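Fold and contact review
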Amino acid sequence: MQGGVLLGPSALGQSTKFLHDVFPPESLPVLDTLANLGLLFFLFLVGLELDIAAIRRTGKKALAIALAGISLPFALGIGTSFTFRATIFKVPRRRHSSFSWASRSPSQPSQCSPASSPS
């Protein structure tokens, strides 16, 4: 782990000369393949150590935490995107659905883009 941090872009990898000396461009496909094989092996080992009984014991609580961990950041991301869009681009709020442009006729391409929808 420490070697990866030192050789990666965090420390010594910031120097392009060092990066090209240690990892020549022709060796990058081989390193990428080895990295993917290492990740595959690691995930296989994690799957071997998985305790199904522990998952069944804490299943409902774990599911609730997982759903909250996915849906809460997703909802916050959507909310902040609308806030930033309104503050950065000074876009007035529309009263119709933001997907109303999708229902327009494809025979009129000029009216199918979201940018040309009426306010």
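As a convention, each chain's residues are numbered from 1 in the sequence order in which they are written. With pLDDT at 70 or above as the cut-off, local features in this predicted model cover only qualifying residues; side-chain atom pairs require 80 or more to be listed or tallied, and sums for whole chains, interfaces and linings still use all residues. Processing note: side-chain calculations cover all non-hydrogen atoms of the structure and skip hydrogens and water entirely.

Points about the overall build of the chain
Scanning the chain from N- to C-terminus turns up 5 helices and 0 strands. Listing the helices and strands of the chain from first to last along the sequence gives α-α-α-α-α. For the accessible areas, the method is Shrake-Rupley and the probe is 1.4 Å, while residue cover comes only from the protein chains on display. Working note: accessible area of the chain is about 10400 Å², and carbon and sulfur atoms make up 70% of it. Only DSSP runs of H or I covering at least 4 residues are called helices, and only runs of E covering at least 2 are called strands; the numbering of each starts at the N terminus.

Structural notes on the pattern of salt bridges
Every case where a carboxyl oxygen of Asp or Glu lies within 4 Å of a side-chain nitrogen of Lys or Arg is listed as a salt bridge. One pass over the full model with this rule turns up 1 salt bridge. Asp21 serves as the salt-bridge partner of Lys17, at 2.9 Å between the closest nitrogen and oxygen. Of this pair, Lys17 and Asp21 both sit in helix H2 (residues 16-22), 4 residues apart, roughly one helical turn. The exposure classification of Lys17 matches that of Asp21, with both residues exposed. Each residue's exposure class comes from its accessible area (1.4 Å probe, protein chains only) as a fraction of the maximum for that residue type: buried when under 20%, exposed when over 50%, partly exposed otherwise.

Quick look at a nonpolar patch on the surface
Only residues whose relative accessible area exceeds 30% and that take part in no salt bridge are eligible for patches, with like-charged residues grouped when within 9 Å of each other and nonpolar side chains (Val, Leu, Ile, Met, Phe, Trp, Tyr) grouped when within 5 Å. Taken together, the side chains of Leu28, Val30, Leu31, Leu34, Leu37 and Leu40 define a hydrophobic patch exposed on the protein surface, amounting to about 560 Å² of accessible area. Relative to the elements of secondary structure, Leu40 occurs in helix H3 (residues 28-48). Residue Leu40 is classed as exposed on the basis of its relative accessible area, which comes to 58%.

Details of the confidence of the model for the chain
pLDDT is a residue-level measure of predictor confidence that goes from 0 to 100. Per-residue confidence for the chain gives a mean pLDDT of 78; residues scoring 70 or more make up 75%. When the elements of the chain are averaged for pLDDT, helix H1 (residues 2-7) gives the smallest value, 79, and H3 the largest, 92.

As for the environment of Thr83
Positionally, Thr83 belongs in helix H5 (residues 59-89). We classify Thr83 as partly exposed; its relative accessible area is 45%. Definition of a polar contact: a pair of N or O atoms within 3.5 Å, with one able to donate and the other able to accept a hydrogen when the atoms are protein atoms, and with sequence-neighbouring residues admitted only if both atoms are side-chain atoms. Only 2.9 Å separates the side chain of Thr83 from the backbone oxygen of Gly79, close enough to count as a polar contact.

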